[in-house]
Amino acid sequence: MSTMTQMPVALITGASRGIGLSIAEELSSTHHLLLGGRDRARLSTVAERFRSAEPFAADVRDAQAVESAAADIESLDVLVHSAGVLKMGTIAELTTEDWQESFDINVFAVARLTRVLLPALRKARGQVVAINSGSGYSSGAGGSIYSGTKFALRAFTDALRQEERSCGVRVSSIHPGRVATDMQQELHDWEGKDYDPSAWIQPSQVARAVRLAVDTTEESAVESLNIRPSGIDLS
């Protein structure tokens, strides 16, 4: 890290917008922020909003870039995986490239970054928080890729939680329902429906769930947390 700080350190992927940005806003009062994303200039602009923040600029699909960006992180208190992509379509129409891109970003990149940062997390007895989805529990027509990545992410966090207990690293899986973000607009466009952001979970509510997980003390952990829109029945 380029900045010396006495504050606990939180790295948040996808921090330039949506849920990731809301999580950064929520944690900014108590943590030095490493803002994860690919666009360094954009991340630098976002960092100016906070009292203690800097870019963590790397394409998480590039193993060498990730290892280089993480090389000087000796201790890490919180790692939040918030970056992700949505790809909808029927199995008949989806291509190999569609599957590959979604799993690269939503699963393989998460595993890669976590592996690289595990020594720093162990040193701090830190936490990993994965922003999953309600789609990590069920799937439906058109949702095979997105749900598939989220099922895989749940398997990853379940295994990581068991493997790292003895090292003092806690792992939380946060499962929001539909959240009012750009991704939700994309989903509504694909469904051919009108989009009203006020009808859905606000990103700040997901950020507060992350805060709940982060604020637990070492003898406890929020291992899994589901958040659903209160006024809409999607069954």
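It should be noted that the structure appears before, not after, this text.
For clarity, every value in this text was computed on a predicted model and none was experimentally measured.

Trainee: Account for the environment of Arg 154, with residues named and values stated.
Mentor: Tracing the backbone through its elements, the reader meets Arg 154 in helix α5 (residues 144-164). Between the C-alpha atom of Arg 154 and that of Ala 130, which follows or precedes it by 24 residues, the distance is 8.6 Å. The contact partners of Arg 154, leaving out residues within four places of it in the chain, are Asn 132, Gly 136, Tyr 137 and His 175. Within the structure, Arg 154 has its side chain in polar contact with the backbone oxygen of Gly 136 (distance 2.7 Å).

Trainee: Any details on the pattern of salt bridges? Residues and values, ideally.
Mentor: One pass over the structure, following the stated rule, counts 10 salt bridges. Residues Arg 49 and Glu 25 are paired through a salt bridge, measuring 2.5 Å at the closest nitrogen-oxygen approach. Here Arg 49, found in the loop between α2 (40-47) and β3 (53-57), pairs with Glu 25, found in helix α1 (residues 18-27); they are 24 residues apart in sequence, far enough to count as distant. Classification of Glu 25 by relative accessible area gives partly exposed; the value is 36%. Salt bridges sharing common partners tie together Glu 26, Arg 211 and Asp 215.

Trainee: How would you summarise the packing of aromatic side chains if you had to cite specific residues and measurements?
Mentor: Two aromatic rings are characterised by how far apart their centres lie and by the angle between their planes. Summed over all chains, the structure comprises two aromatic pairs. Members of the aromatic cluster, connected to one another through ring pairs, are Trp 99, Phe 103 and Phe 108. The lysine or arginine in question, Arg 154, covers the ring of Phe 151, its NZ or CZ lying 5.5 Å from the ring centre.

Thresholds applied
Residues numbered from 1 in each chain as written. Predicted model: local features only at pLDDT ≥ 70, side-chain atom pairs only at ≥ 80, totals over all residues. Heavy atoms only, no water. Helix = DSSP H or I, 4+ residues; strand = E, 2+ residues; numbered from the N terminus. Contact = heavy atoms within 4.5 Å. Polar contact = N/O pair within 3.5 Å; in protein donor to acceptor, adjacent residues only side chain to side chain. Salt bridge = Lys/Arg side-chain N within 4 Å of Asp/Glu carboxyl O. Buried < 20%, exposed > 50% of the residue type's maximum accessible area, 1.4 Å probe, protein only. Phe/Tyr/Trp six-rings, centres within 6.5 Å; stacked < 30°, edge-to-face > 60°. Lys NZ or Arg CZ within 6 Å of the ring centre and 35° of its normal.

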